[in-house]
Every structure is written in structure tokens, then in C-alpha cells.
Amino acid sequence: MAKAALCLCVIITAFAAGNVCEGAEEIGVYELRKDDFSLNITNYGATVISVVVPDRNGKLDDIVLGYGSVDGYKNDSTYFGGLIGRVANRIGGAKFTLNGAVYKLPANDHGNTLHGGKIGFSDVVWTVQEYVKNSHITLTYNSHDGEQGFPGELSVTVTYMFVQSNKLAIKMEAKPVKKPTPVNLASHTYWNLGGHASGDILSHTIQLFASKITPVDDKLIPTGVISPVNGTPFDFLQPRAIGSRLNEVAGGYDINYVLDRAGKQHHLTKAAVVHDEESGRKMEVWTNQVGVQFYTSNMLPETLGKNGAVYRAHAALCLETQGFPDAVNHPNFPSQIVNPGQTYLHVMVYRFTAT
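Keep in mind that this is a model prediction, so the values were computed, not measured. (Residues numbered from 1 in each chain as written. Predicted model: local features only at pLDDT ≥ 70, side-chain atom pairs only at ≥ 80, totals over all residues. Heavy atoms only, no water.)

Draft legend 1. Quick look at the overall build of the protein chain. In terms of regular secondary structure, the protein chain is built from one helix and 28 strands. Here the protein chain has a C-alpha radius of gyration of 19 Å; the compact-globule value for 355 residues is 20 Å, and the two agree. Considering only contacts in the protein chain between residues 6 or more positions apart, those separated by 24 or more positions represent 65%. Put simply, the protein chain has 29 plus and 32 minus side-chain charges, and the middle of one group is 5 Å from the middle of the other. (Helix = DSSP H or I, 4+ residues; strand = E, 2+ residues; numbered from the N terminus. Rg over C-alpha atoms; globule rule 2.2 N^0.38 Å. Contact = heavy atoms within 4.5 Å. Lys, Arg positive; Asp, Glu negative; His and termini not counted. Charge placed at Lys NZ, Arg CZ, Asp CG, Glu CD.)

Draft legend 2. A look at the UniProt feature "active site" (unreviewed entry) in the protein chain. Mapped onto the present numbering, the UniProt feature "active site" (unreviewed entry) falls at H188 and E320. Spatially, the listed residues are clustered: although they cover 133 residues, their C-alpha atoms lie within 6.0 Å of one another. When you line up the elements, H188 lands in strand β15 (residues 186-188). On the basis of relative accessible area, H188 is assigned to the buried category, the value being 3%. Residue contacts for H188: discarding those within four places in its chain leaves T78, Y79, F80, G81, G82, I84, H115, C318 and E320. For E320, the position within the fold is in strand β26 (residues 318-322). Relative accessible area serves as the criterion here: at 2%, E320 is assigned to the buried category. Once residues lying within four places of it in the same chain are set aside, the contact partners of E320 are H115, A186, S187, H188, G291, V292, Q293 and Y295. (UniProt positions renumbered as here; feature names shortened; annotations may be inferred. Buried < 20%, exposed > 50% of the residue type's maximum accessible area, 1.4 Å probe, protein only.)

Draft legend 3. Highlighting the sheet that holds strand β23 (residues 291-295). In spatial order, the strands read β18-β17-β20-β23-β26; together these five strands make up an open sheet with antiparallel pairing. At either end of the open sheet lies a strand with only one pairing partner, and these are β18 (227-228) and β26. (Pairing = 2+ DSSP bridges.)

Laid out in C-alpha cells, this is it:
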């Protein structure tokens, strides 16, 4: 589905920091920079459009997939870099029951709801609340009662910020105004540590600090079972190449991992470590969430990206820290219901090194 038509007053193909024009639906690109570490964010979808870090020899490269202009994100079906909500991942049957009321949602994925519906949080223009180039950017969005079928007005804030010279933190907050509602926000950035145009990520090694997964049916809806990964192709408890057992899974990985968080429910824990031997780049992912969706861009169609790059299946990996998919329909999963007076808080930190 094409995204809602919006007035685009700034298109920055080189992704230099831009100024936003006057008006309610203005779109801009904002650069954060500290030493050799930089990234660009657009307030269209609160989207990450580039992350530039050095390799072991100091060579800089952009390590996230994306488009050559903001216009690309308006017609995107891949969710490149988007801030996903109100509920990330899938909701089975495009409906759920809350306090006796049945809420029907847009069925935008084989009869299910994916990433918040047909026009989720990655498809709307956010307001830039605060921007300091060498520090952070904070964006806000007010989701109205009934938006994409979800109950209650929801006030949402996301901050992208530098932590030291090699860490990027994302802080996501949401507050229901009058009604309880499910909330599960996620960052959907596609990573390739060799560079966004360097080919596939199957030789990258990954370690996932998760000893269980939530298995899914043929439409990628969790069955409700929580299964151990030991001895299966989903076992990344020790670092190994992403492609080493790819032939044993259907086209690649797209599954929620249950993070090993015993005794650390309110603290950041390490979710994953990814390493590209050729460039030397390493990325650690830390989070306060209970799960992480590991996706190897299996369903990525041939896509024209930045600087003429052509992306194909397995061109990147996603590590979407999150609550469990379809938790609203599985009482045994950690609840995603947030009540008025409560604040949903999701923090993730990326740490980049190169050796």
C-alpha cells in the first residue's frame, strides 16, 4: 500500500542536516555527529536513514540500508529504519480483546496486523521537540483514540542520543491518556556492518543472549509455546556465522528470541553481538525489553537504495528489541497493556567498535 500523501517541503538527497519549513506536515533530515560517528534521522516515521562508523582502518561507511531521498520512505514497504508502533510485529487475526471489548485492526499481512497497521507510526510525520546536533534529537507523536483500530489516545516520544563516542541510545516512551491500550514500540533498522552496499550479511557472526524462542505458524504468528533453541538452527548462544545453518530454516531467520533476563527485568542486558570480520566492525545491542526479533531480510525485494545500491534478500539483518509478538492474544506472554498513569519505557543501546 502506498503511504498517505504528504506535502514534502524538504528533500535532501545527500542527507546533510536540513531545516524544516513552516507548517504542520513539514519533513526534514537531522544529523547527529560526534567525532567519526554520525547518523541522520528524518521526522517522517522517526526514521534512521544512515549510521556512519569507522572500520578497523578508520575507513568510514554507512552501515544501514535506506533510500536516496525522503520520498523513498513515503512509498516504502520494507520499514527501513522506521519507528514501529502502536504495536510492532504481528497481531494474529487482526484483532484482540481488552476488558471485554473486541478491537478489530487493519489486516495488512495475510489476515493479520503487522507493525501497527496500514499506517503505523513509521508512516506519519513526527514533531521535532528538541535537536542538539552533537548530542540528541527528541521527536513526539500524538496517536488519537481509534487510530488503526487501537483504543485510547497515546502520547509517544522517542529520543536518539549519543552515549560516549561510540554508543547510540534510543529511548522510547508512551503514555495513554484516558484508556488502557497495548504498546510495543520497536526500531526497524536494517544493518550491514560491511557497509550498506557491500552485499549479504551471511558471513557476519552473531551471538544472541537468548536460550528460547517463540515458535510461529506458517503466517509467522506465535503458537503460544516457548521453546529452547539448544541443538536447533536457532541456537546462537555461541557466536557463529548467520549463514552457517541457513539451509535448515525457511529462507532465513524471522523469529522472536526470549532474552535471558533472569533478575534483570528493569535493567539493560546484552541482547546480541554482531561482528563482520572483513571490516572489523562489531555491534553490541543492549535493551530493557524481554525479546528481540532476529530478521535476516528474507522477504526484502530487489530494492534501489542509497547511492545506486541495489539491495536483495539477506542484504542486512534487523535486531528489533521488543515485547513478544501477538502478546495481546497470549495470556502466558508478558503483557503489553499500558494503563493511564503508567509509562511505557523501551531503551536500547548500540555500541560500535572495530578491531
